[in-house]
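Coordinates in review
Listed below are the residues making up each chain.
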Amino acid sequence: MKIHPLITTTEALTDLCARLSKAEFVAVDTEFMRENTYWPELCLVQIADDKEAAAIDPMAPGIDLSPLLELLVDNEDVLKVFHAGGQDVEIIYNLTGRTPHPIFDTQIAMMAISQSEQIGYSNLVEAWLGFSVDKGARFTDWSRRPLTDRQTEYAIGDVTHLSKIFPRMLKRLIKTGRGAWLDIEMERLADPEHYRNDPQTVWQKIRPPSRNHAVLGRLKALAGWRETEAMDKNIPRGRIMRDETLADLASHPPREQADLAKVRGLSSGWRDNEIGRRLMQCLADAQPLTEAEMPVRPPRGAPLGKEGALVADLLKLLLKIRSREIDIAARLLARTDDLDALAAGQRKGLAILEGWRFEQFGRDALELVEGRLAFAVAGGKLKMAHIDDIGSAETVVPEAEDVPEHDPESDFFPIAETDDPA
C-alpha cells in the first residue's frame, strides 16, 4: 500500500480524492480535540482504500477540505468505513450539515458475527490481523504543530489496518448471511438527527425535576440559553452550568440576581456580572410549557410484579443462551427494556418481535413467556426444549425400586404452567 506524505495543500487533496472517488470503499478516521471547546476541533483526517493511504492536515494554512467532504457526503458509490465512528460522523456533520453515506461501522458489525459488545480498535486489529497496535501516540495533543513522523505514522495506521480488516469482515458477513441484520444499525448511525444540536430541544436530554408546566418551561428556556452561550463562546456547556444546577434553577428560580451567589454550582460573581443578568432575563422571559409541548410519559406497560420479574430474568437467560449459540452480541439481539416489556405482557412495538430478531430470538422468547418453552440441562449445558416435545413421550411411573439413577441428560425445567393435564 502506498503511504503519502502528510497532505497540506488543496491541490494534493484534490488529486487524492479524485482517485479515491473510484474506490469501492474508503476507511476513514479523525483526530480531534474537544476538552475545552463546544465544537470538536478537527486536527487530522486519515483516509485509505486498499491501494493508498494518507493523512490530511485540516489546520494547514489555505487548505480547502471541500474535495474530501464531497467524497464523504456526496459520493453514494463509495462506502465509508469507520470504527466506532459516532464522533467522526459528528465532526463531518458539523462541517457540512450532512453525514457520510453509505456508511459501515466495524464495531457494530463485530456485534453481528461475535459476542463482542463494544470491541475497541486495538482488540479489533489483534483479532483480525494478529498483532498489537502501538499506543504510544494515543494521548497526543493533535492540535500542536508541527506533527512528528511518529504521530503521522500512528494516525495513518488507523485506516491502513481498517482497510485490511473490512474486506475480511465483509466476507464473514456474507458467508453468515448477516449483512442485512446491520442495515438498520448503519442507517441509525448516519441519521443526521443524532448530531443536530437544537437549543430549542436540548432540554429534552435533561432529566426533568418534575412535570410541572412552569418548571419545565423554565428548564426549556434555561437549557436553550445555556446551549447558545456555549456555542457563542465555543466552550463545553458544562463550563457554563451543569445539568444539576440548571434543573435546580428551573425548580427554584431566584427572585433577584444577587441570589445567584447562593446557588450551588455557580460562582459568587454571577450576582452582578453580565452572564448573571442574561440568566435572570432568560428566567423572566420563560413561559410554561403548553399541553402540546409536555413530554410524553414513558410507557410502563403492565406491572411486572414478582412473577413477571422472574420471567424477565428467564428471558435474559434465554438471551445469553441464544447469543452464545449463534455467536452474536446480546446487545444487538435484544434490549433489556424489550425483555421487560415482553415479560409484562406487551406484544406490539417491540424490535424483538419483528424481522430477523424475531426469527433468531423473538419467537422463542414469546414461547417462553407463554409457557411453551423450557430450559433443559444437557451435557452440563443449558439448552431449550419445547414443552410439547417433552410431553409427547408416554409417561411411565416406575415402582420405587425401579427408579433409575439421576440422569443429567434428561433434566427439564418448564418455566410456566400449562392447562394441558398431560
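In this report, the structure presented in the accompanying data block is examined.

1. Brief notes about the packing of helix H5 (residues 121–129) against helix H6 (residues 149–176)
- Viewed as axis vectors pointing N to C, H5 and H6 meet at an angle of 55°, and their least axial separation amounts to 10 Å. The angle between H5 and H6 falls in the class oblique. Like other packed secondary-structure pairs, H5 and H6 cross with a definite hand, here left-handed. Where H5 abuts H6, its residues Tyr121, Leu124, Val125, Trp128 and Leu129 lie against Gly157, Asp158, Val159, His161, Leu162, Lys164, Ile165, Arg168, Met169 and Arg172.
- The residue makeup of the contact of H5 with H6, split by class, is nine nonpolar, two polar and four charged.

2. What to know about the sheet that holds strand S3 (residues 41–48)
- Strand order in this open sheet of six strands is S1-S4-S3-S2-S5-S6, and the pairing throughout is mixed. Of all strands in the sheet, those bounded by a partner on one side alone are strand S1 (2–3) and strand S6 (103–105).
- With three bridges joining them, strand S2 (residues 25–33) and strand S5 (residues 79–82) adopt parallel strand pairing. Bridging across to S5, Val26 finds its partner in Lys80.
- Seen against the sheet, helix H2 (residues 66–73) touches S2, S3, strand S4 (52–56) and S5 and runs at an angle of roughly 65° to S3.

3. Concerning the environment of Ala127
- With respect to the element layout, Ala127 can be found in helix H5.
- Classification of Ala127 as exposed rests on a relative accessible area of 56%.
- Residues Ala127 and Ile165, 38 residues apart in the sequence, show an inter-C-alpha distance of 9.6 Å.

What counts, and at which threshold
Residues numbered from 1 in each chain as written. Predicted model: local features only at pLDDT ≥ 70, side-chain atom pairs only at ≥ 80, totals over all residues. Heavy atoms only, no water. Axes fitted to C-alpha atoms, helices over the stretch in contact; angles between N-to-C directions. Helix = DSSP H or I, 4+ residues; strand = E, 2+ residues; numbered from the N terminus. Parallel < 35°, antiparallel > 145°, perpendicular 65-115°, else oblique. Left-handed = near helix turned anticlockwise from the far one by under 90°. Contact = heavy atoms within 4.5 Å. Nonpolar A, V, L, I, M, F, W, Y, C, P; charged D, E, K, R; others polar. Pairing = 2+ DSSP bridges. Buried < 20%, exposed > 50% of the residue type's maximum accessible area, 1.4 Å probe, protein only.

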